[in-house]
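What follows is the residue order along each chain.
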Amino acid sequence: MKSNNLQSLSIKKLLVTLIMLLVGAIFLLPFVWMLVTSFKFEEDVFHYPIQWLPVRWHIFENYKEVWMGKYPFSLYYWNSLKVAVATTFVSVIVSSLAAFAFGKLQFKGKNFLFLLILLLYMVPAQATLVPQFLTFKWLNLYDSHLGMVLLHSFSVFGTFMLRQFFVGIHPEFIESAKMDGAGYYKIFTRIALPLVRPAIATYAILRFIWTWNDYQTPLIFIRNEALYTIQIGMSQFADGEGQFYALTMTGAVSAIIPLLIVFLIAQKNVIAGIAVGGVKG
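Please read these numbers as outputs of a predicted model, since none were measured by experiment.

How each quantity is defined
- Residues numbered from 1 in each chain as written.
- Predicted model: local features only at pLDDT ≥ 70, side-chain atom pairs only at ≥ 80, totals over all residues.
- Heavy atoms only, no water.
- Core = buried A, V, L, I, M, F, W, Y, C linked by side-chain atoms within 4.5 Å.
- Buried < 20%, exposed > 50% of the residue type's maximum accessible area, 1.4 Å probe, protein only.
- Helix = DSSP H or I, 4+ residues; strand = E, 2+ residues; numbered from the N terminus.
- Contact = heavy atoms within 4.5 Å.
- Phe/Tyr/Trp six-rings, centres within 6.5 Å; stacked < 30°, edge-to-face > 60°.
- Lys NZ or Arg CZ within 6 Å of the ring centre and 35° of its normal.
- Patch = residues over 30% accessible without salt bridge, like charges linked within 9 Å, V, L, I, M, F, W, Y side chains within 5 Å.
- Areas by Shrake-Rupley, 256 points an atom, 1.4 Å probe, with all protein chains shown as cover.
- Salt bridge = Lys/Arg side-chain N within 4 Å of Asp/Glu carboxyl O.
- Expected span 1.5 Å × (residues − 1).
- Arc of directions from axis to C-beta.
- Polar contact = N/O pair within 3.5 Å; in protein donor to acceptor, adjacent residues only side chain to side chain.

### Quick word on the nonpolar core
Core analysis: the biggest nonpolar cluster contains 26 residues, and F73, Y76, W212, I230 and F237 have the highest contact counts within it. Secondary structure elements with two or more residues in this core: α2 (59–68), α3 (73–104), α10 (197–213), α12 (230–241) and α13 (245–280). Sorting elements by how many residues they give to this core places α13 first, with 6 residues. In this structure, W212 is in contact with Y77, S80, L81, A84, I230, Q231, A255, P258 and L259, ignoring residues within four places of it in sequence. By size, the runner-up hydrophobic cluster in this structure holds 20 residues, among which are L105, I169, F188 and Y203.

In structure tokens:
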């Protein structure tokens with residue numbers, strides 16, 4: 001009887017695995033088509049039936065045209081990388097400091113201030129564009145990467161997410177550190193941060209991806225073409241070369257490569273952060 005149950009369980013696991021593989025393959029098909037299309041001649045893109053393996057290869061010419069042609073993808077890449085890394089670094093620091101304060105410190109009006117921050121999360125980003133634009137124009141930060149970094153330096157989501165992890169730190173760790181003469185700076189850097197490292201890594205990855213994919217902010221706050229990010233560059237490229245699908249797919253592949261690299265390198269931290277959050281929940 002026991003062997004029959006184990007055999008039935010193994011069959012169920014096998015079926016679930018096969019179904020997940022099938023679903024994963026379906027989700028991957030558009031990306032595979034995009035990648036394969038970036039290797040083709042333009043006239044072979046819509047060949048029927050679909051050539052999943054190109055008969056004629058045009059890889060070097062397509063990528064050379066995208067990276068060294070009229071639209072400088074190397075410049076767009078550098079701008080996006082600079083803004084995304086700086087924004088992620090600043091946002092992680094600001095959000096983790098705020099989260100630690102709301103999670104572990106006691107001060108007057110803490111709950112009220114945290115409630116106000118949560119209320120900000122309910123305000124659509126589009127509703128604050130005009131005051132943000134006027135403020136940054138007045139501060140002479142309009143049309144600059146510094147302005148874009150400062151614009152996303154504080155995150156309600158990051159503060160709320162990290163606060164939940166800081167709250168989960170046992171109070172005895174904090175009290176023991178205080179008894180040993182540690183100040184709040186040492187408690188934060190030596191005790192609190194290492195304990196919530198998976199959560200910080202998860203938020204950092206999400207912040208990087210959101211900033212890299214951000215189209216609205218550079219569209220409104222950037223006018224100098226030399227400061228264009230990859231998303232604005234892709235829009236310009238699509239407007240100018242949109243009739244050439246092979247080149248458009250080449251640009252799209254180039255735009256998502258950093259995101260794939262970041263996720264593949266840091267996926268263990270993301271899974272660990274989600275797992276820890278699930279246990280705490």
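### Details of the side chain of K104
Tracing the chain through its elements places K104 in helix α3. Those residues within four positions of K104 in sequence are excluded, and the remaining contacts are F166, V167, I169, H170, P171 and I174.

### Here we look at the packing of aromatic side chains
Evaluated as defined, the whole model comprises 14 aromatic pairs. On the basis of an interplanar angle of 50° and a centroid distance of 6.1 Å, the ring pair of F102 and F107 is categorised as tilted. Overall, the relative accessible area of 9% leaves F102 in the buried class. Arranged with centres 5.1 Å apart and planes meeting at 75°, the rings of F133 and Y142 form a pair that is edge-to-face. Overall, F133 belongs to the partly exposed group, its relative accessible area being 28%. Each member of the aromatic cluster is reached from another via a ring pair, and the members are F102, F107, F114 and F160. In this structure, R163 is placed above the aromatic ring of F114, and the distance from its NZ or CZ to the ring centre is 4.4 Å.

### A word on a nonpolar patch on the surface
On the surface, a cluster of nonpolar side chains totalling about 670 Å² of accessible area is made up of F107, F112, L113, L115, L116, L119 and M122. As for its position among the elements, L113 is in helix α4 (residues 110–120).

### A closer look at helix α9 (residues 184–195)
When the terminal C-alpha atoms of α9 are compared, their 15 Å separation across 12 residues agrees well with the 16 Å that a helix rising 1.5 Å per residue should span. Turning to α9, its buried residues number three or more, namely I187, F188 and A192. On an axial view of α9, the arc spanned by its buried residues comes to 95°, and they lie on one face. Set apart from the buried face of α9 by more than 90 degrees, the exposed residues are Y185 and R190.

### Some thoughts on helix α7 (residues 156–167)
For the α-helix, the turn length of 3.6 residues means that residues three or four positions removed from each other point alike. With 12 residues, α7 should cover 16 Å at 1.5 Å per step; its first-to-last C-alpha distance of 16 Å lies within 8% of that length. Along α7, the positions that sit buried rather than exposed are V156, G158, T159, M161, L162, R163, F165 and F166. Where α7 begins, the capping side chain belongs to S155, and its oxygen is found 3.4 Å from the backbone nitrogen of F157.

### Here we look at unusual backbone geometry
The residue N140 is not glycine, and still its phi comes out positive at about 60°. Assignment of secondary structure puts N140 in the loop between α5 (129–138) and α6 (145–151). Although it is not a glycine, D143 adopts a positive phi angle of roughly 60°. Here D143 is to be found in the loop between α5 and α6. Note on D143: relative accessible area 26%, which makes it partly exposed.

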